[in-house]
Amino acid sequence: VQLQASGGGLVQPGGSLRLSCAASGRTFNMHAMAWFRQAPGKEREFVAAIGRGGYNTQYADTVKGRFTISRDNARNTVALQMNSLKSEDSAVYYCASEYVRRADIVPVTASGYQYWGQGTQVTVSS
């Protein structure tokens, strides 16, 4: 599985961005998908994840109510809609993928994902 993230950029506080991750392969609908982020000098942290069917989602407390993860299994894509952005949201955002046996399995740790994209930079600044 190869993952290609896009959509990062510079946005003012309070603004919005939509990240997208395109996946290769024919088993996308058998994979849970997630977004993680890593700011300079900090460890990679979980942001959001979605089960293979799109019905089960998990969010970090820091982004609940502001970010929304979604997926399109027909297009092999997963998106992260980010609203009300704050300066502390600035980081490199990575999409990740892992084969899961059941639709209700939604890993929330980096160790739960085998496949990773290259990352896209998000900078929130005035």
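No experiment lies behind these values; they were computed from the predicted model shown.

The next point concerns the state of the cysteines. Counting across every chain of the model gives one disulfide. Here Cys21 pairs with Cys95 through a disulfide, and the sulfurs are 2.1 Å apart. On the S-S bond that ties Cys21 to Cys95, the torsion sits near 55°, and the link is right-handed. Remark: Cys95 occurs in strand E9 (residues 91-99) and Cys21 occurs in strand E3 (residues 17-23); sequence separation between them is 74 residues. The burial state of Cys21 is the same as that of Cys95; both residues are buried.

Under the criterion given, the structure shown has six salt bridges. Among the salt bridges present, the one from Glu45 reaches Arg37, with a minimum N-O distance of 2.6 Å. The buried category is assigned to Arg37, whose relative accessible area is 5%. The salt bridge partner of Asp72 is Arg75, with a shortest N-O separation of 2.9 Å. When its relative accessible area of 64% is taken as the criterion, Arg75 is described as exposed. Each of Arg37, Glu45, Arg66 and Asp89 takes part in salt bridges that share partners, so that together they form one network.

Rules used in this analysis
- Residues numbered from 1 in each chain as written.
- Predicted model: local features only at pLDDT ≥ 70, side-chain atom pairs only at ≥ 80, totals over all residues.
- Heavy atoms only, no water.
- Disulfide = S-S within 2.5 Å.
- Helix = DSSP H or I, 4+ residues; strand = E, 2+ residues; numbered from the N terminus.
- Buried < 20%, exposed > 50% of the residue type's maximum accessible area, 1.4 Å probe, protein only.
- Salt bridge = Lys/Arg side-chain N within 4 Å of Asp/Glu carboxyl O.

All we've got here are geometric facts, nothing functional implied.
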